[in-house]
Amino acid sequence: MEYHEVDTGELPMALLLEADPAKQRIDAYLAGSWGFAAREGNEVIGACVAGLIGERTAEIFNIAVAPSHQQRGIGSGLLHFVLTSLAGKGVYRIELGTGSFGHQLTYYQRHGFRVDAVVKDHFLTHYPEPLMEHGIQHKDMLRLSLTLEPTISAPSGE
Ligand SMILES: CC(C)(COP(=O)(O)OP(=O)(O)OC[C@H]1O[C@@H](n2cnc3c(N)ncnc32)[C@H](O)[C@@H]1OP(=O)(O)O)[C@@H](O)C(=O)NCCC(=O)NCCS
């Protein structure tokens, strides 16, 4: 498995739609964002889009692994690569929105994300179809954040 920073145009739309069913919203955040890919051979099987929303604050807008490749550690490897890459770009705070229950929430928490706020009714007002998981409808969105450790570059020329 290889992880790379890529042009957002190289990320398969089908993969991005796994995390966010609204193509119009995806198109809006692709421009000007950073793209990251998990590749097996020539195939992109994991994708992530992140962009600046403040001076040193980035948001992860989208992260997804192809359904047939999930639960193999690729999502965790990709998220770790993204966090390390963003730290290298001088980002110190990362934010994102996710559902209020389910494996996505624990996936982010395992990487150190903490809950900042609840956006009540987000999935009711922004999604045309009910978003179900384990027979429960997603209604509220959690805003999560993570503060990154600064990366210290080794002194050069010694
Ligand atoms: C969230 C996502 C990127 C995780 O990718 P992944 O490659 O499956 O992740 P990993 O294999 O590294 O697993 C991470 C954890 O999630 C758990 N997990 C992943 N898929 C799961 C599933 N369908 N049901 C239950 N647990 C699941 C794993 O067991 C693992 O738990 P652990 O840390 O306790 O071992 C992937 O599920 C996905 O693409 N989902 C659809 C898009 C999406 O929801 N994106 C996030 C939007 S907020």
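A.B. asks: Help me understand the overall build of the protein, please; the structure alone is not making it clear to me.
C.D. replies: Looking only at helices and strands, the protein has five helices and nine strands in total. Secondary structure elements of the protein, listed N to C terminal, follow the sequence β-α-α-β-β-β-α-β-α-β-α-β-β-β. Against the 2.2 N^0.38 benchmark of 15 Å for 158 residues, the protein shows a C-alpha radius of gyration of 16 Å, consistent with a compact globule. Considering only C-alpha atoms, the protein reaches an extent of 60 × 35 × 30 Å along its principal axes. In the protein, of all internal contacts separated by at least 6 residues, the share reaching a separation of at least 24 is 66%. Total accessible area on the protein is roughly 9,100 Å²; 50% of this is exposed by carbon and sulfur atoms. Charge separation in the protein, taken as the distance between the mean sites of 12 positive and 19 negative side-chain charges, equals 5 Å.

A.B. asks: Looking at this model, I keep getting lost on the pairing of strand β4 (residues 57–65). Mind explaining?
C.D. replies: A regular strand places its side chains on the two faces of the sheet in alternate fashion. In terms of residue burial, β4 counts as a mostly covered element, since eight of its nine residues are buried. Across seven bridges, strand β3 (residues 43–52) lies against β4 in antiparallel orientation. When the sheet's bridge partners are listed, G51 is paired in β4 with E59. What sits between β3 and β4 in their antiparallel hairpin is a turn of four residues. As paired strands, β4 and strand β5 (residues 93–99) are joined by three bridges and run parallel to one another. Bridged to E59 within β5 is E95.

A.B. asks: For this particular structure, what's the right way to read the sheet that holds β5?
C.D. replies: Pairing between the strands of a sheet comes from backbone hydrogen bonds, and it takes one of two forms, parallel or antiparallel. Strands sit in the order β1-β2-β3-β4-β5-β9-β6 across an open sheet of seven strands; the sheet is mixed. Of all strands in the sheet, those with a lone pairing partner are β1 (2–6) and β6 (114–119), marking the two edges. Mean inter-strand twist for the sheet, computed between neighbouring axes without regard to direction, equals 25 degrees. Along the sheet face, helix α3 (residues 74–88) touches β1, β2 (34–40), β3, β4, β5 and β9 (141–147) and points at about 160 degrees away from the line of β4. Packed on one face of the sheet, helix α4 (residues 103–110) meets β4, β5, β6 and β9 and runs near 160 degrees to β5.

The rules behind the values
Residues numbered from 1 in each chain as written. Predicted model: local features only at pLDDT ≥ 70, side-chain atom pairs only at ≥ 80, totals over all residues. Heavy atoms only, no water. Helix = DSSP H or I, 4+ residues; strand = E, 2+ residues; numbered from the N terminus. Rg over C-alpha atoms; globule rule 2.2 N^0.38 Å. Contact = heavy atoms within 4.5 Å. Areas by Shrake-Rupley, 256 points an atom, 1.4 Å probe, with all protein chains shown as cover. Lys, Arg positive; Asp, Glu negative; His and termini not counted. Charge placed at Lys NZ, Arg CZ, Asp CG, Glu CD. Buried < 20%, exposed > 50% of the residue type's maximum accessible area, 1.4 Å probe, protein only. Pairing = 2+ DSSP bridges. Axes fitted to C-alpha atoms, helices over the stretch in contact; angles between N-to-C directions.

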